[in-house]
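Residue-level structural notes
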Number of protein chains: 2
Amino acid sequence: MYKLGQTYIEKLFNPGTIAVIGASEKQGTVGRAIMENLLRGFRGEVYPVNVKYETVLGLKCYKGIDELPKTPDLAVVAIPAASTLKVVEELCKLGVRVSIVVSAGFKEIGEDGARLEIELVKRARTCGMRILGPNCLGVYDAWTGVDTIFNPGDRQSKPTPGSVAFLSQSGALGAALLDWLSEAGIGMSKFVSYGNAADIKEWELIEYLAYDGETRIISLYVEGVDNGREFLNSLRKAAAAGKPVVILKGGRTPSGVRAVVSHTGALSSPSEVFLYAVRQAGAIVVDSVSEMVGVLKLFEWFEPPKGRGIAIVTNGGGAGVLAVDATEAEGLRIANLSKETIESLRRALPSAASPLNPVDLLGDAPPERYRAAIDLVINDINVDSVLIITLMQSPAFDPHKFVEQLQDIRSRTTKPMVLVAPGGEYTERHAKIIERKLRIPYFKSPEEAVKALRLSIEWFEKRARGTYYKQVQG
Amino acid sequence: MYKLGQTYIEKLFNPGTIAVIGASEKQGTVGRAIMENLLRGFRGEVYPVNVKYETVLGLKCYKGIDELPKTPDLAVVAIPAASTLKVVEELCKLGVRVSIVVSAGFKEIGEDGARLEIELVKRARTCGMRILGPNCLGVYDAWTGVDTIFNPGDRQSKPTPGSVAFLSQSGALGAALLDWLSEAGIGMSKFVSYGNAADIKEWELIEYLAYDGETRIISLYVEGVDNGREFLNSLRKAAAAGKPVVILKGGRTPSGVRAVVSHTGALSSPSEVFLYAVRQAGAIVVDSVSEMVGVLKLFEWFEPPKGRGIAIVTNGGGAGVLAVDATEAEGLRIANLSKETIESLRRALPSAASPLNPVDLLGDAPPERYRAAIDLVINDINVDSVLIITLMQSPAFDPHKFVEQLQDIRSRTTKPMVLVAPGGEYTERHAKIIERKLRIPYFKSPEEAVKALRLSIEWFEKRARGTYYKQVQG
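Report on the accompanying structure.

Moving on to the overall build of chain A. When helices and strands are counted, chain A shows 16 helices and 19 strands. Taken over C-alpha atoms, the radius of gyration comes to 25 Å for chain A, in line with the 23 Å a tight globule of 474 residues would show. The principal-axis extents of the C-alpha atoms in chain A amount to approximately 80 × 50 × 40 Å. Looking at the 474 residues of chain A, the share that counts as buried comes to 64%.

Written out as structure tokens, the structure is:
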């Protein structure tokens, strides 16, 4: 259940009708890219608005907002900043409840822009219309096909429908992450680049996502927030709803804070205090975009690990040693396999192999041997997650057969598995295939894999303690 | 100058003639893979030895070692462990000075193997023959074509000739790294998987490489060393020769040390003490395979940065902020650009761009704008290295034109540059092209790029202080 006041946000993601102000046929324009996006995936009605066209991409084009046949649920405004005030007034008059203003040229360019931005919001408030942006890429909803992300399709890929939501204060970084998430095979519910956040704030979006049926995981790139109390409250609500919130904060150091001021002009809070409060509110803080992608894969594809015991299964001793080091360095534990597991491993593996954790299958291990070992350790009660290392340079390792052999185990388990495969082009290509087919997160180094596991375990532990439940307000 | 006693090592890498004991025509055997490798790249003479064949891959095959027409400079032994003693005796009799024993089944399998290994070395010592291995992949010399790395060529790529040497105590991990270095476009001088190090020790190889004309950078995966004093001494010699030594240590934690014992049986020294001493001796310690690859690229392609001032040039503000955070977190510094540079940037860039560091070129920046900005900052005396961020989702960024625009600047500078490009398939593909053509190391996240710069800066600073020069002994 979300508050009644949030129905306007519902229309950002799931409108029946969308008007595109500044729709265009001209190649390379934002107005054309948005139209193409909507015609590709959106199932509702689209009204292009542009005084210059009779039709846009085969649709009747309206000369003015006052000519629209009915009030659209959502308006997308893609026109120069100077013309936005008038357009907002007209949208208001028509009774539009929410608009995405992608136009740049507001607070981010200086004082004149800031004044224009204040005026924009003021005019929208006269009729109760809410605004996302300005200076943003807007919304991508993988389920409904709403898509205002206007980068060219050959270089900007977008994830398939899934359960991860991502909010970004930075448009360009958001787009890069969207692209990365897509390649990583992460399924997405909603993406929002909220830009200057002149009206709709990140905390309103988080609160909406906390109750959103399509979203199980919420992630966020943020440089600063206006209202710390509301922000933390929204995090607590998401936590109380059982949804992990993963945060990458821009401006974690004094120099970073200064860079934020010149980027978004956001008031970046003193970072340690901010991050401490954020963690207290149940969120996970990552230190880089790579880490963000890694932990999102784990959350989308598995239940969080229920404890700190890791089993390592490898066809190379050295890589196993590095994984053990990483496990201890991150504060996790090499699981003590039960006597029964060790005995069964001993029977299943060649005598030179190691049935103790890390389980060393030897360099000549075929996929069948992996299957036997993983099946045993994953069912050991002392094992909370499994780190699989495949050195694919070995002639015995057939990646296709590996997928076949693991499919069964994968479909039966919710216990997290991660795949570590260091190497070159062949390895990378096949590791990505394995990742996609089995939905097992792939990392090039054991250290990255273990860090992702640690972040996801911490979330589970925090949740089990459940301290933030009591703190939810409002 | 290397010691006279090291001439045997010279023959590991640059023999005129090689005998392959256990050469074979049979697909999938080690004996065949090694023969194929040698026929592909080695310019000297190869003598296959196997009682079963008249010829192997078109070469006359010898039934026994005693039939060889002359004493080979190097023998490669690829036969079952049980037969190695007799072969070593025969090689001794013939006067062979150095052999690579790739055969497994020695110390790594337990007590029986350990006894066999001691006996193997004892017999070789009777005639002064040196042995690399056993239980190893052996040698890959990119310059001479000596190549005993017997993984299949479709899944195991090998670097082109260059200046990075890599030594690995672990064969499988070494092979994975060899593959990874190759894909990263790093040029290699020599690769050695030295296995059980029954006779030839890692420190002898390091000492050899310290004086090797083809090697400028030495890297090493090591789990334990027999002789700490000699090991540290070899590191000091490499440092005194002006060559960075980059070390990845397996067994840095108590659990890791235990894992090492069951992997190579090496005596892993208490880690903090070991790593402290290693750093004191001028070496760089990395925490993961990824870090190793990153810092090796920097060392091969550039001079180390002469200081801690970084200039950041980006087409996205958010990614710039993250790079600033990483810079400060790693103890580096956002360079203060000179007034002249700032003034020139102001003239060269659009008014909405930021001419201050981080230099924000804006989302619509074409490669020409990158060129103008990079050319200015790289020539600023306050700038020691340049971190370039390209969000390639932007329609204005043409990666091919970027290569053209940067080629000039790249060819004129030895000041380090790194490329950060987060994103999906399109970005990865083009970033790899840029990396190869311009030899600018590519990282997906700013944090990884900054860490590589920090490691390389630390080496330079240590070298400038030059404390370890005085400590060189012997």
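After presenting the structure, the write-up continues.
So, about the sheet that holds strand β6 (residues 98–101) of chain A. Residue and element names in this part refer to chain A. Taken together, the five strands give an open sheet; going across it, the order is β2-β1-β5-β6-β7, and neighbouring strands pair in parallel fashion. Only two strands of the sheet have a single neighbouring strand rather than two, namely β2 (45–49) and β7 (130–132). Averaged over all pairs of adjacent strands, the angle between their axes in this sheet comes to 20 degrees, without regard to strand direction. Note that strand β1 (residues 17–21) and strand β5 (residues 74–77) share four bridges and pair parallel. Pairing of Ile 21 across the sheet is with Val 77, part of β5. With respect to the sheet, helix α2 (residues 30–41) is in contact with β1, β2 and β5, its orientation differing from that of β1 by roughly 165 degrees.

Contact with chain B, which involves 63 residues of that partner, is made by 64 residues of chain A. Buried area between chain B and chain A, summed over both chains or domains, comes out near 4600 Å², and the portion from carbon and sulfur atoms is 59%. Contact with chain A buries area across many residues of chain B, yet Arg 155, Asp 325 and Gln 393 of chain B alone supply 15% of it, more than any other trio. Linking chain B with chain A are six salt bridges.

This brings us to the packing of helix α14 (residues 399–412) of chain B against helix α15 (residues 425–438) of chain B. All names here are of chain B. Where α14 meets α15, the closest approach of the two axes is 10 Å, and the angle between their N-to-C directions is 25 degrees. Overall, the two elements α14 and α15 adopt an arrangement that is roughly parallel. The two elements α14 and α15 meet at a crossing, and its hand is right-handed. Here Pro 399, His 400, Phe 402, Val 403, Leu 406, Gln 407 and Arg 410 of α14 come into contact with α15, specifically with Tyr 426, His 430, Ile 434, Lys 437 and Leu 438.

Looking now at the pairing of strand β9 (residues 161–168) of chain A. All names here are of chain A. Most of β9 sits inside the fold, with seven of its eight residues counted as buried. Handedness of the β-α-β unit built from β9, helix α5 (residues 171–183) and strand β10 (residues 188–193) comes out right-handed. In terms of strand pairing, β9 meets strand β11 (residues 217–222) through five bridges, oriented parallel. Bridge pairing in β11 places Ser 168 opposite Tyr 221.

Because each turn of an α-helix spans 3.6 residues, side chains separated by three or four positions end up pointing in the same direction. Residues and elements named next belong to chain A. Taking 1.5 Å per residue, 16 residues should reach 22 Å; helix α4 (residues 111–126) reaches 23 Å between its end C-alpha atoms and fits that length. Every buried residue of α4 is accounted for by Gly 113, Leu 116, Glu 117, Leu 120, Val 121 and Ala 124. In a view along the axis of α4, the buried residues occupy a sector of 135 degrees, so they form one face of it. Among the exposed residues of α4, those pointing more than 90 degrees away from its buried face are Glu 111, Asp 112, Arg 115, Ile 118, Lys 122, Arg 125 and Thr 126. Buried residues belonging to α4 abut α3 (84–94), β6 and β7. Backbone geometry just downstream of α4 places Gly 128 in the positive-phi region, at approximately 80 degrees.

A few words on the relation of the copies chain B and chain A. With an RMSD of 0.0 Å, the fit of chain B onto chain A corresponds to turning through 180 degrees and sliding 0.0 Å along the axis. Here the transformation between the copies is reduced to the relation of a two-fold axis. Same-surface contact between copies: 100% of interface residues of chain B are shared with the interface of chain A.

What counts, and where the lines are drawn
- The numbering scheme is per chain: residues are counted from 1 as the chain's sequence reads.
- Following the order in which they are written, the chains are lettered starting with A and the ligands numbered starting with 1.
- Reporting in this predicted model follows two pLDDT cut-offs: at least 70 for local features of residues, and 80 or more for side-chain atom pairs to be given and counted; totals over whole chains, interfaces and linings ignore these cut-offs and use all residues.
- Side-chain numbers here rest on the full set of heavy atoms in the structure, without hydrogens or water.
- Secondary structure counts use DSSP, requiring at least four H or I residues in a row for a helix and at least two E residues in a row for a strand, with both numbered from the N terminus.
- To get the radius of gyration, use the C-alpha atoms; to get the globule rule, take the number of residues to the power 0.38 and multiply by 2.2 Å.
- Exposure categories follow from relative accessible area, calculated using a 1.4 Å probe and restricted to protein chains: below 20% of the type maximum is buried, above 50% is exposed, and the middle band is partly exposed.
- Each pair of strands is called paired provided DSSP finds at least two bridges between the two strands.
- Whenever a helix is involved, its axis is fitted only over the stretch in contact; in every case the axis is a line through C-alpha atoms, and angles between N-to-C directions fall within 0 to 180 degrees.
- Whether two residues are in contact is decided by their heavy atoms: any pair within 4.5 Å suffices.
- Buried area, as used here, totals the accessible surface that two parts lose on assembly, with accessibility defined by a 1.4 Å probe and the loss added over both.
- Salt bridge, as used here: a side-chain nitrogen of Lys or Arg that lies within 4 Å of a carboxyl oxygen of Asp or Glu.
- The scheme is simple: roughly parallel for angles under 35 degrees, roughly antiparallel for over 145, roughly perpendicular for 65 to 115, oblique for anything else.
- Less than a right angle of anticlockwise turn of the near helix away from the far helix marks a crossing as left-handed, whereas a clockwise turn marks it as right-handed.
- When the strands point away from the viewer, a crossover counts as right-handed if the path from the first strand over the helix to the second runs clockwise.
- Helix span, as expected, comes to 1.5 Å for every residue beyond the first.
- Read the arc as the range of directions from the helix axis to the C-beta atoms.
- A least-squares superposition brings the copies together, and it is based on the C-alpha atoms of residues with pLDDT no lower than 70 in both.

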